[in-house]
Amino acid sequence: QQPVQSPQAVILREGEDAVINCSSSKALYSVHWYRQKHGEAPVFLMILLKGGEQKGHEKISASFNEKKQQSSLYLTASQLSYSGTYFCGTDLYNQGGKLIFGQGTELSVKP
Amino acid sequence: DTGVSQDPRHKITKRGQNVTFRCDPISEHNRLYWYRQTLGQGPEFLTYFQNEAQLEKSRLLSDRFSAERPKGSFSTLEIQRTEQGDSAMYLCASSPHRGRDGELFFGEGSRLTVL
């Protein structure tokens, strides 16, 4: 039931782009994205709702393919501050904050 | 408002001891969640409250775990007779929305080490 994220880790140079994928075996109501820096709390980035509505971060975009039960997070023109571990969290039944998180994708942005 | 705060930040205990963690959510947030995170993994849902009512508990939460949110403000998570497998980061989060979709505001967590 846990969503699968890919890749597990990625290293970028500043200014490069990255895509992080999240795939579920179950139909989804919404997908949530969080970023966690080492030793810190996860921080909200984005919610993608069934039907196409998005709420979140201005500089990060994402897509949600309900049919394929997949979401992708697009990080463009990466900055050093983008480094951290990205988690997708899936909401199966419109339960708000009760999420099933993936195992995470570790992103390192180098100067 | 300073965000979600958790106490203690670190706890080292011996197997078999009881431990209690406290979470103070952002004021006026009516939903409060507890998650557990182990190294290299995403957070795992444990339980959540709407105001003072505990609405759901994960099957991960054994009988040794109990959570309360008296008066719908702060919450406590108690683990009785701790085991080494309980070692993890315990994260608390709160949500401002009465509706069902909304962001979670996480605290920095309480790290438990059971020796």
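These numbers come from a predicted model, not from an experiment.

It is worth spelling out the overall build of chain A at this point. Helix and strand counts for chain A stand at zero helices and eleven strands. Order of helices (α) and strands (β) in chain A, N terminus to C terminus: β-β-β-β-β-β-β-β-β-β-β. Relative to a compact globule of 111 residues, whose C-alpha radius of gyration would be 13 Å, chain A shows 13 Å and is just as compact. In chain A, which comprises 111 residues, the share counted as buried stands at 48%. Residue pairs in contact within chain A that sit at least 24 positions apart in sequence constitute 56% of those at least 6 positions apart. Split by element, the accessible area of chain A, about 5400 Å² in all, is 48% carbon and sulfur. Across chain A, the mean location of the 11 positive side-chain charges is 6 Å away from that of the 9 negative side-chain charges.

Residue and element names in this part refer to chain A. All told, the structure shown has two disulfides over all chains when counted by the stated rule. Each sulfur in the disulfide pair Cys-22 and Cys-88 lies 2.1 Å from the other. Looking along the S-S bond of the Cys-22-Cys-88 disulfide, the torsion reads about 70 degrees, which is the right-handed sense. Of the two residues, Cys-22 sits in strand β3 (residues 18–23) while Cys-88 sits in strand β9 (residues 84–91), which places them 66 residues apart along the sequence. On the accessibility criterion, Cys-88 (0% relative accessible area) is buried.

The rules behind each value
Residues numbered from 1 in each chain as written. Chains lettered and ligands numbered in written order. Predicted model: local features only at pLDDT ≥ 70, side-chain atom pairs only at ≥ 80, totals over all residues. Heavy atoms only, no water. Helix = DSSP H or I, 4+ residues; strand = E, 2+ residues; numbered from the N terminus. Rg over C-alpha atoms; globule rule 2.2 N^0.38 Å. Buried < 20%, exposed > 50% of the residue type's maximum accessible area, 1.4 Å probe, protein only. Contact = heavy atoms within 4.5 Å. Areas by Shrake-Rupley, 256 points an atom, 1.4 Å probe, with all protein chains shown as cover. Lys, Arg positive; Asp, Glu negative; His and termini not counted. Charge placed at Lys NZ, Arg CZ, Asp CG, Glu CD. Disulfide = S-S within 2.5 Å.

So far we have only geometry, and geometry alone does not tell us how the molecule works.
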